[in-house]
Amino acid sequence: MLETRNLNKTYGLNRALTDINLKVPKGVIFGLLGPNGAGKSTLIRIINQIIDADSGEVLVDGQPLAPKHISLIGYLPEERGLYKKMKVWDQMLYFARLKGLSQQEAKKRIHNWLAKMEMSTWKDKKIEDLSKGMAQKVQFISTIIHNPPLLILDEPFSGFDPVNAEIIKDQILELRNQGTTVILSTHRMESVELLCDQVAMINRSHKILDGTIKEVKNSYRPEVFRISIDQPTLPIPTEWAVQTDGESVHFTLPLSGKTPNELLIELMNYGQVSNFQEVIPSMEEIFIHQVKSTQNG
Amino acid sequence: MDKIWLVIQREYLSRVKKKSFLLATLLTPLIFPAIMAIFVWIAVEEKENQSLRIIEVVDENKLFFMESSQQYAFSFSDSSPEEAKLLVQNGDRYGFLYIPKIDLKNPQGITFYGEENPSMSLVSYLESSLKKKIEDQRLYDSGIDPQILSDIRTSVDLKSITLNQKGEEKVSDATVNYAIGFLAGILIYMFIFIYGNQIMQGVIEEKSSRIVEILVSSLKPFQLMMGKIVGIAGVGLTQLLIWIILIGTLTTVVTGILGLQMPQEQAMELAQADMIQTDNSEFAEILQVIAGIDFISIISSFIFYFLGGYLLYGALFAGIGSAVDAPSDAQQFMLPVTVPLIVAYMGLFVFVLQDPNSTTSFWLSIIPLTSPIAMMGRVSYGVPFWELGLSMLFLILGFLATTWLAGKIYRIGILMHGTKPSYKTLWKWIKSSN
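All figures in this text were calculated on a predicted structure; none of them were measured in a lab. (Residues numbered from 1 in each chain as written. Chains lettered and ligands numbered in written order. Predicted model: local features only at pLDDT ≥ 70, side-chain atom pairs only at ≥ 80, totals over all residues. Heavy atoms only, no water.)

A. Highlighting the overall build of chain B. When you go through chain B residue by residue, the secondary structure sums to 16 helices and 6 strands. Per-residue burial over chain B gives 41% buried out of 434 residues. The contacts in chain B between residues at least 6 apart in sequence include a share of 70% that link residues at least 24 apart. (Helix = DSSP H or I, 4+ residues; strand = E, 2+ residues; numbered from the N terminus. Buried < 20%, exposed > 50% of the residue type's maximum accessible area, 1.4 Å probe, protein only. Contact = heavy atoms within 4.5 Å.)

See the structure below:
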């Protein structure tokens, strides 16, 4: 769906993007991760044709990015913006028409969406009279009103209470299931693990890792196992930092060059192994680890 | 192009639908006839409710005579100045005019005593009566009958006619031309300031509420900027049109009603005491002058300079709005916009209307930053075709230049937050290619 090749962008002396190569396949939720100021917003702005890259190219379905692609993209910026004095209905209509929908089609879709989100009664309210969460919903609908095959969401859950965040999450998943490609920029890792199929992480203008969630997690496995032994028959070595819980002991061990099976056989000598589980890092841990290591390096 | 049209529509409708627009549009024209009505009403009331004011006159020359009017009666007496002053103090007399023994060649010491300051009309009435009497007396003394002098007195009225290349003659009158230039110039000046500011506010609103990020992902910044400028121009034109219609009708109605209430004689008295009386032939002449004015060319050039000036400055206002985060930060960049406007405004009064064909007037009406205001001061006097053409061409070029300049600033400015740019950074934005 979307591909970037050797994208570079500098602002004065600051490098915002350095040789960014990304491949976003069709119909996935692609997490774009990175700390603040890493270059995510710059990348998103380039894809949205708000700014131009200094070098490199962006391909949409294999074609170089061009103004005609505007209607294929739905963009929800991190900093939400609506005309405070405009009515919900007028506002949505304006954004929908700017994305190229006809008046008639736009009206029909807004009507359906308002009904779907149970917002029909608000349509003549001014944005300034809405709560923040309501306004966020208006913004979200405005973003997807033209059924874009590519959706770029920058921190889509900020400003929502848990109930509404759930509604938005369901909408995103539903859109993905209908074939929409979603680029999700966030630093909320729990939503990444729940939603994303693939991720790319950017730090200090460089891409520091990418792949499917599974690939990323696999490559960052610390090869450590969490072990529980019931009623140990042999004394457990003290350097294993055992936590005792009644009859059971719990501890973690690195593989240290052994295979998991070899380790398991060794452990079986100490008693009944009731838990033998590899420690899988969360995306958050990987994120923090990666950011720290690139900063130190 | 479709998208620019959408932006224009939004900018136009969102403003025209506002209650404040409706109020300003409907109430402002009411102000002029209302002020006129109040003045006329006060004058009429004053005339009707006035009690006769008696003025004591002590003339030690036994020479003067004042004709009493509806408002003032003059009582001549031989009382001493002290007694007369006492009358004023007691409130028995409105005032006391003291004429001591005077040298007719150099009359001095004539004094008016009153409990309050005498009105301008009373002072000028007294002065002109005294003056006339003294002059008449001196004529007698020189052996000239004032009647003869009055017969000799001739009024010369210069009729001015403009000749164009085709030999068509037109009666012209500098006063009428002055008024047209004055009005048109001020209107353009006000329009540029009021609506230029609206553009700036609009841009700042979109920028500070971050709507712009969504907008520029759908259309080019330049389209957004032009859509806003043109949309607001539409608002201004709408307002102007409504004003013209409303002011026209209301003024006609109000003057019509009040004109009937106010007897002709009183209307005359209200005017200055020694004003030259307008007779019918002069009135006809004014009509002739108005008929001689080429309204089509004035109106078409007014619309041209009205829009041209607005577009030229509107782009600058948009550029400034895009560079700052809040209206209060805009001050530092306003100088290059306000200075030429004020120069044009001052120039209109100091140079253009005084001498429309001077070199300064010429340049003021050619340079695009000042021409929209300055040229309007000249148009009604008649401007050579090539000068008008040159000025218009320059204005179009100027508009393209400021739009290009503003577009460069706008494109970068609207996405910049939290930094207070200086002229240096603006210059960097202008130079940068993307």
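There is more to say, and it comes next.
B. Summary view of the packing of aromatic side chains. If you walk through the whole model with that rule in mind, you get 22 aromatic pairs over all chains. Plain terms: the ring middles of B:Phe191 and B:Tyr310 are 5.3 Å apart, the flat faces sit at 55° to each other, and that makes the pair tilted. Placement of the pair is B:Phe191 in helix 6 (residues 174-208) and B:Tyr310 in helix 11 (residues 295-323), with a sequence separation of 119 residues. You'll find B:Phe191 and B:Tyr310 in the same group, each marked buried. Taking 6.0 Å as the distance between ring centres and 50° as the angle between the ring planes, the aromatic pair formed by B:Phe362 and B:Trp386 counts as tilted. Linking B:Phe362 in helix 13 (residues 359-364) with B:Trp386 in helix 15 (residues 385-413), this pair joins segments that are 24 residues apart in sequence. Using a relative accessible area of 15% as the deciding quantity, one classes B:Phe362 as buried. Through a chain of ring-to-ring contacts, the aromatic side chains of B:Tyr178, B:Phe182, B:Tyr189, B:Phe193, B:Tyr345 and B:Phe349 assemble into a single cluster. Across from the ring centre of A:Tyr83, 3.5 Å away, lies the NZ or CZ of B:Arg10, which sits over that ring. One cation-aromatic arrangement involves B:Arg10 over A:Tyr94; the distance from NZ or CZ to the ring centre is 5.6 Å. (Phe/Tyr/Trp six-rings, centres within 6.5 Å; stacked < 30°, edge-to-face > 60°. Lys NZ or Arg CZ within 6 Å of the ring centre and 35° of its normal.)

C. Inspection of the interface of chain A and chain B at higher detail. At the interface, 23 residues of chain A touch 19 residues of chain B. Regarding the contact of chain A and chain B, the summed buried area is about 2200 Å², with carbon and sulfur atoms giving 61% of it. Among the residues chain A hides against chain B, the three largest losses belong to A:Tyr83, A:Tyr94 and A:Leu98. Together they make up 29% of the total. Taken together, the links from chain A to chain B amount to 2 salt bridges. Across the contact surface, chain A and chain B share 4 residue pairs in polar contact (both at pLDDT 80 or more). In terms of residues, the side of chain A that touches chain B owes the most to one element, helix 2 (residues 88-98) of chain A, which gives 4 residues. Grouping the amino acids of the side of chain A that touches chain B by side-chain chemistry returns 11 nonpolar, 4 polar and 8 charged. (Buried area = accessible area lost by both parts, 1.4 Å probe. Salt bridge = Lys/Arg side-chain N within 4 Å of Asp/Glu carboxyl O. Polar contact = N/O pair within 3.5 Å; in protein donor to acceptor, adjacent residues only side chain to side chain. Nonpolar A, V, L, I, M, F, W, Y, C, P; charged D, E, K, R; others polar.)

D. Representation of the domain arrangement of chain A within the structure. As assigned here, chain A comprises domain 1 (2-218) and domain 2 (222-278). A straight line from the C-alpha centre of domain 1 of chain A to that of domain 2 of chain A covers 46 Å. (Domains from an automatic or database assignment.)

E. How the structure looks around a nonpolar patch on the surface. Residues B:Leu393, B:Phe394, B:Ile396, B:Leu397 and B:Leu400 make up a contiguous nonpolar surface patch of roughly 440 Å² in combined accessible area. Since its relative accessible area comes to 32%, B:Phe394 is described here as partly exposed. (Patch = residues over 30% accessible without salt bridge, like charges linked within 9 Å, V, L, I, M, F, W, Y side chains within 5 Å. Areas by Shrake-Rupley, 256 points an atom, 1.4 Å probe, with all protein chains shown as cover.)

F. Expanded view of the environment of A:Ile208. Here A:Ile208 lies in strand 10 (residues 206-212). With 83 residues separating them in the primary sequence, A:Ile208 and A:Val291 have C-alpha atoms 8.6 Å apart.

G. Inspection of a positive patch on the surface at higher detail. A surface patch of like charges, here positive, comprises A:Lys87, A:Lys126, B:Lys17, B:Lys18 and B:Lys19. If you trace the backbone, B:Lys18 turns up in the loop between helix 1 (2-16) and helix 2 (19-49). (Lys, Arg positive; Asp, Glu negative; His and termini not counted. Charge placed at Lys NZ, Arg CZ, Asp CG, Glu CD.)

H. Spatial organisation of the pairing of strand 7 (residues 150-154) of chain A. Residues and elements named next belong to chain A. Of all 5 residues in strand 7, 5 are buried; the element is thus mostly enclosed. In terms of strand pairing, strand 6 (residues 73-76) meets strand 7 through 4 bridges, oriented parallel. Bridging from a neighbouring strand, Ile-73 pairs with Leu-150 of strand 7. Across 5 bridges, strand 7 lies against strand 8 (residues 181-186) in parallel orientation. (Pairing = 2+ DSSP bridges.)

I. Structural detail: the pairing of strand 3 (residues 95-99) of chain B. Residues and elements named next belong to chain B. With respect to burial, strand 3 is a largely interior element, 5 of its 5 residues being buried. By the alternation rule, side chains of strand 3 split into Gly-95, Leu-97 and Ile-99 and Phe-96 and Tyr-98, which are all buried. Alignment of strand 3 against strand 4 (residues 111-114), held across 4 bridges, turns out to be antiparallel. The partner of Tyr-98 across the bridge, within strand 4, is Thr-111.

J. Structural context of the sheet that holds strand 4 of chain B. Residues and elements named next belong to chain B. Here we have 4 strands laid out as an open sheet, ordered 2-1-3-4, and mixed in their pairing. Both edges of this open sheet fall to strand 2 (72-76) and strand 4, since each of them pairs with a single strand only. Across this sheet, the average inter-strand angle for adjacent strands is 25°, counted without regard to direction. Across the face of the sheet, helix 3 (residues 81-90) comes into contact with strand 1 (53-59), strand 3 and strand 4 while running at roughly 160° to strand 3. Lying on the sheet, helix 4 (residues 120-141) is in contact with strand 1, strand 2, strand 3 and strand 4; it crosses strand 2 at an angle near 45°. (Axes fitted to C-alpha atoms, helices over the stretch in contact; angles between N-to-C directions.)

K. Up close: helix 3 (residues 103-116) of chain A. Residue and element names in this part refer to chain A. Counted at 1.5 Å a residue, the expected span for helix 3 with its 14 residues is 20 Å, and the 20 Å between its end C-alpha atoms agrees. Buried residues of helix 3: Ala-106, Arg-109, Ile-110, Trp-113 and Leu-114, and no others. Projected onto a plane normal to the axis of helix 3, the buried residues spread over an arc of 135° and lie on a single side. Opposite the buried face of helix 3, at more than 90 degrees from it, the exposed residues are Gln-104 and Lys-108. Its buried side turned inward, helix 3 meets helix 2, helix 4 (132-144) and helix 5 (162-177). Following helix 3 by one or two positions, Glu-118 has its phi on the positive side, about 55°. (Expected span 1.5 Å × (residues − 1). Arc of directions from axis to C-beta.)

L. Region of interest: the confidence of the model for chain A. On average, residues of chain A carry a pLDDT of 88, and 99% of them reach 70 or more. Confidence, read as mean pLDDT per element, is least for helix 9 (residues 283-296) of chain A in chain A (81) and greatest for helix 3 of chain A (93). (pLDDT = per-residue confidence, 0-100.)

M. Representation of the UniProt feature "transmembrane region" (unreviewed entry) in chain B. All names here are of chain B. Listed under "transmembrane region" (unreviewed entry) in the UniProt record, and renumbered for this structure, are residues 21-44, 178-199, 240-260, 289-313, 333-353, 360-379 and 385-406. Within the segment residues 333-353, helix and strand shares are 95% and 0% respectively, and the terminal C-alpha atoms sit 30 Å apart. Helix makes up 70% of residues 360-379 and strand 0%, whereas the separation of the span's terminal C-alpha atoms amounts to 15 Å. (UniProt positions renumbered as here; feature names shortened; annotations may be inferred.)

N. Spotlight on the sheet that holds strand 6 of chain A. Residue and element names in this part refer to chain A. Read from one edge of the open sheet, 6 strands run 6-7-8-3-9-10, paired in mixed fashion. Every other strand in the sheet has two partners, leaving strand 6 and strand 10 as the edge strands with one partner each. Taking the axes of each pair of neighbouring strands and ignoring which way they run, one obtains an average angle of 15° across the sheet. Pairing between strand 9 (residues 198-203) and strand 10: 6 bridges, direction antiparallel. Counted as the bridge partner of Gln-198 is Thr-212 from strand 10.

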